Amino acid sequence: MTKRDEQADVLVIGGGTAGFGAAVAAGRQGLRVLLLEATTKIGGVMASCPGMPWGGGYPSDRIIGGLIEELFDRLASMEPPAAEKRVCTLENFGPEIVYDHDLATLTMFDMLEEAGVRVRLGAIALEPQMEGNQIRSIACCDRTGPFTVEAKIVIDCSGDGDISAKAGVPYTLGDDSGNMMAVTISFHMVGVDWARAFADPDPYFQKYAARGIADGRLHPDLAKLYLMRGFHDGTVFCNSVHLRGVDGTDPLAVSAATQEGRRRCLQVAQFLRSDVPGFERAHMSMLSPISGVRETRKLQGIYRLKGEDIAQARKFSDGIVACDNPIDEVMRAEAAMTHDAATAAGEYYTIPFSSLVPAEIVNLMFAGRILSADPVAFASVRGMPQCMAMGQATGTAAALAIRNRVKVQNVSHDDLVSSLSDQGVNRLRTI
């Protein structure tokens with residue numbers, strides 16, 4: 001077989017919102033960027049749970065700026081508009097962005113292309129080749145066979161942190177007992193009469209859910225039905241089906257959960273049609289192609305963001321994005337879900353860049369849900385807008401490291417924060 005080698009200044013592993021942010025930011029700095037995405041679509045959770053709102057983008061009711069604001073502005077300026085800001089119906093979540101899923105992913109591909117990013121879909125990073133405390137190259141494969149990528153900087157945005165773990169970065173799985181948050185299968189109902197469907201003030205449809213559970217028509221974990229108005233009139237996004245006890249690092253477990261979750265989604269759709277006013281003529285659409293995984297590895301960075309940092313609304317000197325998302329716990333060991341306020345009303349904290357950088361590997365960073373955080377902090381930081389901003393920070397830091405010929409651990413925080421500010425990232429207020 002012909003040996004295939006590729007070179008890049010920056011290799012981004014994973015095309016979710018974090019990987020998108022990292023790749024676009026690095027590409028706009030004039031770097032040669034290669035983005036590997038294992039599936040056929042970028043977006044991460046956007047792809048596995050199509051139509052999932054972008055929540056958490058407005059701490060203190062001000063958008064965090066940067067690439068998420070640019071993406072929103074591009075969509076909102078279309079004719080007709082393809083995105084809008086709405087107040088979330090669920091307590092403590094604040095404003096969110098709802099959008100046309102297909103136009104959003106199309107626009108993200110456009111932005112990657114404009115930044116000069118080479119995107120390889122259906123490509124998997126397999127193994128890092130180490131040279132001391134540096135990644136020399138990454139062994140990869142696609143459907144045509146193996147290939148190798150040599151890169152000056154590697155940014156792991158894979159969601160699971162496989163390459164970082166294999167490179168020797170310590171990590172934890174789940175909470176302190178190893179329990180990971182439930183995975184989710186979502187879908188839309190199309191053709192819903194919104195006025196009738198949302199006439200009941202209970203945002204969780206609990207009296208209907210209780211009836212379905214009592215009759216054996218709904219799974220017992222469906223005590224709350226998370227139903228939200230979709231972007232298009234008459235559509236409802238159902239984010240209700242969560243499966244506990246799934247190891248998101250195990251492909252077989254994720255596959256089995258996907259099939260079971262899709263069965264439960266069908267049960268919910270049938271129940272909505274038969275029992276909930278406004279859904280009588282609706283039908284199911286946009287069923288998740290695979291389980292949306294919330295939590296697996298949390299890598300060990302220079303600094304581990306902690307629950308007390310969030311409670312105290314700490315604003316780090318190397319903070320790269322503001323956040324006030326609630327502590328959004330989804331069925332770790334038990335069926336309970338919480339989304340308690342993370343900070344005092346009107347307050348926020350910042351996510352430090354040092355939570356995206358390992359202590360030892362000199363040319364590796366990570367972004368998204370694999371950042372260094374304890375279980376409480378993780379439950380707050382994992383929103384898609386913040387993940388995109390984390391990616392934007394690492395892509396920008398890669399340019400600073402290469403330009404100044406320094407380790408990623410030695411990137412100037414002042415220069416990074418200044419560059420992000422120039423890119424429109426809104427850190428709100430700092431200490």
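Since we're looking at a predicted model, the values are computed, not measured. (Residues numbered from 1 in each chain as written. Predicted model: local features only at pLDDT ≥ 70, side-chain atom pairs only at ≥ 80, totals over all residues. Heavy atoms only, no water.)

### Things to note about the overall build of the chain
Stage number 1. Along the backbone of the chain there are 12 helices and 20 strands.
Stage number 2. By principal-axis analysis of the C-alpha atoms, the chain measures approximately 65 × 55 × 50 Å.
Stage number 3. Looking at the 431 residues of the chain, the share that counts as buried comes to 59%.
Stage number 4. Considering only contacts within the chain whose residues lie at least 6 apart along the sequence, 75% involve residues at least 24 apart.
Stage number 5. A total accessible area of about 17000 Å² is found for the chain, and carbon and sulfur atoms account for 50% of it.
Stage number 6. The positive charge centre, built from 42 side chains, and the negative charge centre, built from 52, are 2 Å apart in the chain. (Helix = DSSP H or I, 4+ residues; strand = E, 2+ residues; numbered from the N terminus. Buried < 20%, exposed > 50% of the residue type's maximum accessible area, 1.4 Å probe, protein only. Contact = heavy atoms within 4.5 Å. Areas by Shrake-Rupley, 256 points an atom, 1.4 Å probe, with all protein chains shown as cover. Lys, Arg positive; Asp, Glu negative; His and termini not counted. Charge placed at Lys NZ, Arg CZ, Asp CG, Glu CD.)

### Digging into the nonpolar core
Stage number 1. In this structure, V10, V12, W54, Y99, I155, I320 and M365 are the most contacted members of the largest nonpolar core, which totals 85 residues.
Stage number 2. Filtering out sequence-adjacent residues up to four positions away, I155 remains in contact with V10, L11, V12, I13, A22, M365, T394, G395 and A398.
Stage number 3. Judged by nonpolar contacts, the second largest core, of 31 residues, contains F187, V246, C265 and V276. (Core = buried A, V, L, I, M, F, W, Y, C linked by side-chain atoms within 4.5 Å.)

### Some details on the pattern of salt bridges
Stage number 1. Enumeration according to the criterion identifies 25 salt bridges in this entry.
Stage number 2. Across the pair E6 and R118 runs a salt bridge whose closest N-O atoms are separated by 2.7 Å. A residue pair is termed long-range when its members are at least 10 positions apart, and E6 in strand β1 (residues 5–13) and R118 in strand β6 (residues 118–121) qualify at 112 residues.
Stage number 3. Using a relative accessible area of 35% as the deciding quantity, one classes R118 as partly exposed.
Stage number 4. Across the salt bridge formed by K166 and E127, the nearest N and O atoms sit 3.8 Å from each other. Of the two residues, K166 is situated in helix α5 (residues 162–166) and E127 in strand β7 (residues 124–131); the sequence distance between them amounts to 39 residues.
Stage number 5. Residue classification places K166 among the partly exposed positions, given a relative accessible area of 45%.
Stage number 6. Through salt bridges that share partners, E6, R118, R120 and D142 make up one connected network. (Salt bridge = Lys/Arg side-chain N within 4 Å of Asp/Glu carboxyl O.)

### Describing the sheet that holds strand β12 (residues 227–229)
Stage number 1. Strands sit in the order β12-β13-β11-β14 across an open sheet of 4 strands; the sheet is antiparallel. The open sheet has two free edges, formed respectively by β12 and β14 (283–285), since each of these has just one partner strand. Shown here is a sheet whose adjacent strand axes are inclined to one another by a mean of 35°, direction ignored.
Stage number 2. As defined by bridge partners, strand β11 (residues 183–190) adjoins β14 across 3 bridges and the pair is classed as antiparallel. Bridged to V190 within β14 is H283. (Pairing = 2+ DSSP bridges. Axes fitted to C-alpha atoms, helices over the stretch in contact; angles between N-to-C directions.)

### Re the packing of aromatic side chains
Stage number 1. In the structure shown here, the tally under the stated rule is 5 aromatic pairs.
Stage number 2. An angle of 15° between the planes, with centres 4.0 Å apart, marks the rings of W54 and Y99 as stacked. Pair noted here: W54 is in strand β3 (residues 54–55) and Y99 is in strand β5 (residues 95–99), with a separation of 45 residues, a long-range link.
Stage number 3. For W54, a relative accessible area of 0% corresponds to the buried category.
Stage number 4. The exposure class of Y99 is buried, given its relative accessible area of 5%.
Stage number 5. With a centroid separation of 6.4 Å and an interplanar angle of 45°, the aromatic rings of F205 and Y208 are classed as tilted. (Phe/Tyr/Trp six-rings, centres within 6.5 Å; stacked < 30°, edge-to-face > 60°.)

### Quick look at the sheet that holds β3
Stage number 1. The strand order across the open sheet formed by 3 strands is β3-β5-β4, and the pairing between neighbours is antiparallel. Single-partner strands in this sheet number two, and they are β3 and β4 (83–87).
Stage number 2. Inspection of the sheet shows β3 paired to β5 by 2 bridges, in the antiparallel sense. For G55, the partnering residue across the bridge sits in β5 and is E96.

### Observations concerning unusual backbone geometry
Stage number 1. Residue P80 is reached from E79 by a cis peptide bond, and omega for that bond is -5°.
Stage number 2. Mapped onto the elements of the fold, P80 is located in the loop between α3 (66–76) and β4.
Stage number 3. At F205, a position not held by glycine, the phi torsion is positive, near 55°.
Stage number 4. With respect to the helices and strands, F205 occurs in the loop between α6 (194–197) and α7 (206–214).
Stage number 5. For F205, a relative accessible area of 3% puts it in the buried group.

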